[in-house]
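Topology and contacts: notes
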Amino acid sequence: MKATVFNRRQLKIEQLLVFGILLLAILYKPWNDSWQRIISGDGLGYYSYLPHMFVYRGEGAFSWFNDVYPHYYSQEMFQHPRDHFMVQTQEGGFNKYAPGLALLWLPFFLIAHGIALALHLPADGFSQCYQIAVGCASIIFMVLCVCFSLKLFSAFKLHNVWIRLFALLLLVFGTGLFEQSLWYSGLSHVYSAALLTGMLLFLENYKSSLNIKHVGWAFFCFILLVSIRPLLLLTLVLWLPYRTLKPLHGITFKQLVLPCSLIILIISWTLGWNVYQYGQIWKYTYVNESFAWFEPHLFHLFWNYSLGLVWQRPWIIVAILALLLFFKTYRFWALGYILLTYVYACWWYWPILDRALIDLSIIPALAITQIAHKVSANAWRTLMFTCSVMAVCTGWHVLKSYQRHIGIIDSYASDADDFFSNAFRIRPASIFSVPKNSIIKQQLLPFSYGNSAGIVLKPKNGFYESDKIAVPDFFKSTDIKKIKIQFTASSAVPPKNLHLWIRLYAKGNQLLKEFPFYLNSTQLQSSPEKYAFGCSEINSQGLFYTAEKISCAFWLPEDKGWVEIQDLKGEAFTTNTVYETIR
């Protein structure tokens, strides 16, 4: 009787936690941010199959996108917006992103499309109701991942309520799963994490029951994973611990009708789009993008201050090593994790490491839960210590994710000094890091204020440009070039915005290019605060190579507020390619 009461209480606690995570995501998700649309980035490619089919009826090779995009996206990265996801070859253009995620979004899209038509809203596939639909999908799949994880903990007989709750918090907030569902709904990682967790759950259910229907559902999750990201075909390694199991009874096809029907639907959808686009059932679509199989970005995987496991998620290293060394039955899980991580580390665009590991987040989360369960068995103090460690790991990753999101530390190339000096900062900041291990040459740019000790920008005197300084001779080299501007600013009456430019001049003081930056009222403080801005150029004979002089300029556009600027200095660098993404 006591066990039943305990289980009911535990279930209620877990339900409350899941509801709390759901509520937190709904409340804090930016549902209508014109600067960061829910469908954006890679999501434009994953999603565009749906409006192409249901709204524009297969018009051209996604040519309609060039007309729709400017209505909803204020910052155009390409001359032709369609280039966000289209690849041009001699055979023609095609969407390089796999169509599987669009199939997952299909029910949400159809609901949004129906609402748009019924309420006479723009039914173009990208208006607000469609954005909200994709946002809802990411939250629902995050919650689905959480529910699958709880069931997986139970399948492994991990019943301690405190360990389960703290492990769940670590999974959601300590891996980037919540961050992805909140800010990056258009990317594939939340959905892949849910499907991979579901696949492992069904495999474990098959192990305990030997009921063949669980294999059908596990294979359904696997096929959907591959249709979203073909590289996840490698998750087949995770099936190896179950290779010797056989069904308890003869196969009953009635149990496999639904999963097999859905598998046929996924395969038909994927192959249909492939044949429609490029006339064959499969094609390598990432043209001019490749893997360097013998040159993995292991430095960025482990030691990069912005995304390296040692500084961001050290518990994952412990979890995978423990799974490899102490849990013989599930060594293949650790090997699968290591294999996929290595493959991602070989990809030219190494920043994907930070989010690609979210796909596999259940594996280290489950491993750390097993470790916690073993070391804490019947020992209250050890249990409290273990839960505290998991809480600290969770909080640390939440803090680092928040810092990257608002610019306290650089997203990909943080320097050690910036990382440690801002270790616990939560106020907004402006950082431009040039890591020391990337610097080849460095020179100070001694900007001056004339005879004054600083600059005071007021509404009637709201513009200032420094003197023009000669470009360093080493900018004539073929190395990567960077310019960094630092200053201290304070404002007792902060304006709405402060504008800053780095200006490059040709011979005769002809303006070549200006790079704009902005500080808003939330970033400006009444006490002196340090700020840094910068720009870089990879082109060996580009603007930096051509420029003769450099200056920086400030402008206070509003008619109220004032800003005092001191300690203005600039630095010029040439750097190696360690922190660059070069194909």
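Structure first, text after, so check above.
Residues numbered from 1 in each chain as written. Predicted model: local features only at pLDDT ≥ 70, side-chain atom pairs only at ≥ 80, totals over all residues. Heavy atoms only, no water.

Re the packing of aromatic side chains
For any two aromatic rings, the description comes down to two numbers: the centre-to-centre distance and the angle of the planes. Summed over the entire model, instances satisfying the criterion amount to 54 aromatic pairs. With 5.0 Å between their ring centres and 55° between their planes, Y46 and Y97 make a pair best called tilted. With Y46 in helix α2 (residues 43-47) and Y97 in the loop between β2 (92-95) and α5 (100-118), this residue pair connects regions lying 51 residues apart in the sequence. Residue Y97 is classed as buried on the basis of its relative accessible area, which comes to 6%. Between W350 and Y412, the aromatic rings sit 6.2 Å apart at their centres with planes inclined by 85°, giving edge-to-face as the arrangement. Of this pair, W350 sits in the loop between α15 (331-346) and α16 (353-356) while Y412 sits in the loop between α18 (380-405) and α19 (416-421), placing them 62 residues apart in sequence. Y412 sits in the partly exposed class, given a relative accessible area of 34%. Its guanidinium or amino end placed over the ring of W31, K29 lies 5.9 Å from that ring's centre, counting from NZ or CZ. When the ring centre of W396 is taken as origin, the NZ or CZ atom of K400, which lies over that ring, is 4.4 Å away. (Phe/Tyr/Trp six-rings, centres within 6.5 Å; stacked < 30°, edge-to-face > 60°. Helix = DSSP H or I, 4+ residues; strand = E, 2+ residues; numbered from the N terminus. Buried < 20%, exposed > 50% of the residue type's maximum accessible area, 1.4 Å probe, protein only. Lys NZ or Arg CZ within 6 Å of the ring centre and 35° of its normal.)

Focus: the environment of H71
With respect to the helices and strands, the residue H71 is situated in helix α4 (residues 65-72). When the C-alpha atoms of H71 and R164 are compared, they prove to be 46 Å apart, with 93 residues separating the residues in sequence.

Brief notes about the pairing of β2
The two faces of the sheet receive side chains in turn, since in a regular strand these alternate between them. The pairing of strand β1 (residues 86-89) with β2 spans four bridges and is classified as antiparallel. Its bridge partner being in β2, V87 is matched across the sheet by F94. Taking the residues that link successive antiparallel strands as the turn, the β1-β2 hairpin has two residues. (Pairing = 2+ DSSP bridges.)

Some words on the side chain of S430
Within the secondary structure layout, S430 lies in the loop between α19 and β3 (439-445). A polar contact of 2.9 Å, which involves the side chain of S430, links it to the backbone oxygen of A532. S430 has contacts with G407, L519, Y531, A532 and F533, leaving out every residue within four places of it along the chain. (Polar contact = N/O pair within 3.5 Å; in protein donor to acceptor, adjacent residues only side chain to side chain. Contact = heavy atoms within 4.5 Å.)

Brief notes about the packing of α5 against helix α6 (residues 128-155)
The relative placement of two packed helices is expressed as an angle between their axes plus a distance between the axes. Contact geometry of α5 with α6 gives a least axis separation of 9 Å together with a crossing angle of 145°. Every pair of crossing elements has a handedness; the one defined by α5 and α6 is right-handed. Side by side, α5 and α6 meet where L104, W105, F108, F109, A112, H113 and A116 of the first sit next to C129, Y130, A133, V134, A137, I140 and F141 of the second. (Axes fitted to C-alpha atoms, helices over the stretch in contact; angles between N-to-C directions. Left-handed = near helix turned anticlockwise from the far one by under 90°.)

A word on the pattern of salt bridges
This model, assessed by the stated rule, comprises 12 salt bridges. Between D42 and R355 there is a salt bridge, with the nearest N and O atoms lying 4.0 Å from each other. Residue D42 is found in the loop between α1 (2-28) and α2, and its partner R355 is found in helix α16; the two are separated by 313 residues along the sequence. You can call D42 partly exposed: its relative accessible area is 21%. (Salt bridge = Lys/Arg side-chain N within 4 Å of Asp/Glu carboxyl O.)

Just geometry here; none of it tells us what the structure is for.
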